[in-house]
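One-letter residues, chain by chain:
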Amino acid sequence: MNALDLEGIVRAIRSALPKSDEPVQLHEPRFEGNEWPYIKECLDTRWVSSVGSYVDRFEKELAEYASVKRAVAVVNGTAALHVCLKLAGVRAGDEVIIPALTFVATANAVAYCGAIPHLADSAEATLGLDPAKLAEHLAEVAEIADGACRNRLTGRPIRAVLPMHTFGHAVDLEPLQEVCRRWKLALIEDAAESLGTFYQGRHTGNYGCLAALSFNGNKIITTGGGGAILTNDEELGRLAKHLTTTAKVPHRWEFSHDQVGFNYRMPNLNAALGCAQLEQLPGFLAAKRALAERYRAAFAGVRGIRYFSEPAGSRSNYWLNTLLLDETHADKRDAVLAAANSAGLTTRPAWTLMHRLPMFQEAPRMDLSVSESLERRILNIPSGVALGAGAPHA
Ligand SMILES: *Cc1c(COP(=O)(O)O)cnc(C)c1O
């Protein structure tokens, strides 16, 4: 068996990057547009908080970019997921299907509703939820009773499916929609990582009844902290706005609220940053794609590891670049991490799978062998926009 060439892997990463003696981060936000003038306008006009024109403008431009009817800007992506689940009808005691391979926010949002994450396996081709395997699993454990899906093993309703577009690569959405129709499940997309990612020509976030975006500092565009709810359903859009703005009944002076709402509205200051960032998104995507091409070329000749490319039929935003070790070299993951990080190239493993976290240990689940294999083999490498915009090292 061939040994894994650790030096070769470090060299390949470095060869795709601009020349620099500084340590290279995994992510780095970039502020080269109208950030300063827009923020200054907020300060000068004193519209920094819950009132101001940038929130409306950001929502309108975001909806246009993603080709959805309505975008509602909120304080972060986790809050967006929370409200999406509530609006999709998820209640305490329900189960919601999520991938085991995801950032903890996906599972936390389910738990905030008093619901239980039901863990599903990923597909090797997308790194996201596997529709075929989910269909098989549901055929085994679920039934339709009184027009709704029920888990025969736990007796609980299964209310929704919440796939996540891992590292900006779209889940196979059409077969997933089919599974949801068949089993009467609401489809909600965790699109936190996939702004700028298209599945069969349509922007992600258009396939579920609702979708959540994140604008955290490490995401493809940032508002400092922030998120958004996307929907093509006008009524759900109206309710999303209502629920995220304390469920206040509009009135010129009266303070009245018609349900327990949330203070999840994005402040104007953050939305100003968002407007400036959104203007630069096409450039960011081009830089990300250029960097992806360089990594792909650099790893073409390296044995035992491959660069993960966008699934057929999708156009990924390449938010976070990914290497996959061959299964035979999975035991050398930590050696690669050590070599790359020691060389100043920030490199990370995937998230710990949800069922290994203490609070989700008891979660119902299907066979998770692909997720477990991916967890052993995934390495994320430096992905900042500036790395793609600059000239490569070699
Ligand atoms: C970033 C992220 C979130 C949540 O975003 P925050 O804005 O940090 O709350 C949710 N899901 C996934 C998969 C993410 O990567």
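Residues numbered from 1 in each chain as written. Predicted model: local features only at pLDDT ≥ 70, side-chain atom pairs only at ≥ 80, totals over all residues. Heavy atoms only, no water.

In the nomenclature of an unreviewed UniProt entry, the protein corresponds to GDP-perosamine synthase from the organism Geomonas silvestris. Taken from UniProt, the Cofactor (unreviewed entry) comment for the protein reads in full: "pyridoxal 5'-phosphate". As recorded by UniProt, the Catalytic activity (unreviewed entry) comment attached to the protein reads in full: "GDP-alpha-D-perosamine + 2-oxoglutarate = GDP-4-dehydro-alpha-D-rhamnose + L-glutamate". (UniProt positions renumbered as here; feature names shortened; annotations may be inferred.)

Trainee: Looking at this structure, how should I read the packing of helix α1 (residues 6–15) against helix α9 (residues 268–299)?
Mentor: When two helices pack together, their arrangement is given by the angle between the helix axes and the distance between those axes. Orientation of α1 relative to α9, taken along the N-to-C sense of each, is 150°, at an axis distance of 8 Å. One way to sum up the angle between α1 and α9 is to call them roughly antiparallel. Regarding α1 and α9, the two cross each other, and that crossing is right-handed. Across the interface between the two elements, I9, A12, I13 and S15 of α1 pack against Y295, A298 and F299 of α9. Looking at the contact of α1 with α9 residue by residue, the classes come out as 6 nonpolar, 1 polar and no charged. (Axes fitted to C-alpha atoms, helices over the stretch in contact; angles between N-to-C directions. Helix = DSSP H or I, 4+ residues; strand = E, 2+ residues; numbered from the N terminus. Parallel < 35°, antiparallel > 145°, perpendicular 65-115°, else oblique. Left-handed = near helix turned anticlockwise from the far one by under 90°. Contact = heavy atoms within 4.5 Å. Nonpolar A, V, L, I, M, F, W, Y, C, P; charged D, E, K, R; others polar.)

Trainee: Which parts of the structure should I look at to understand the UniProt feature "active site" (unreviewed entry) in the protein?
Mentor: Mapped onto this numbering, the UniProt entry annotates "active site" (unreviewed entry) at K219. Turning to its location among the elements, K219 is positioned in the loop between β10 (210–214) and β11 (227–231). With sequence-adjacent residues up to four places away left out, K219 is seen in contact with A192, E193, S214 and W319.

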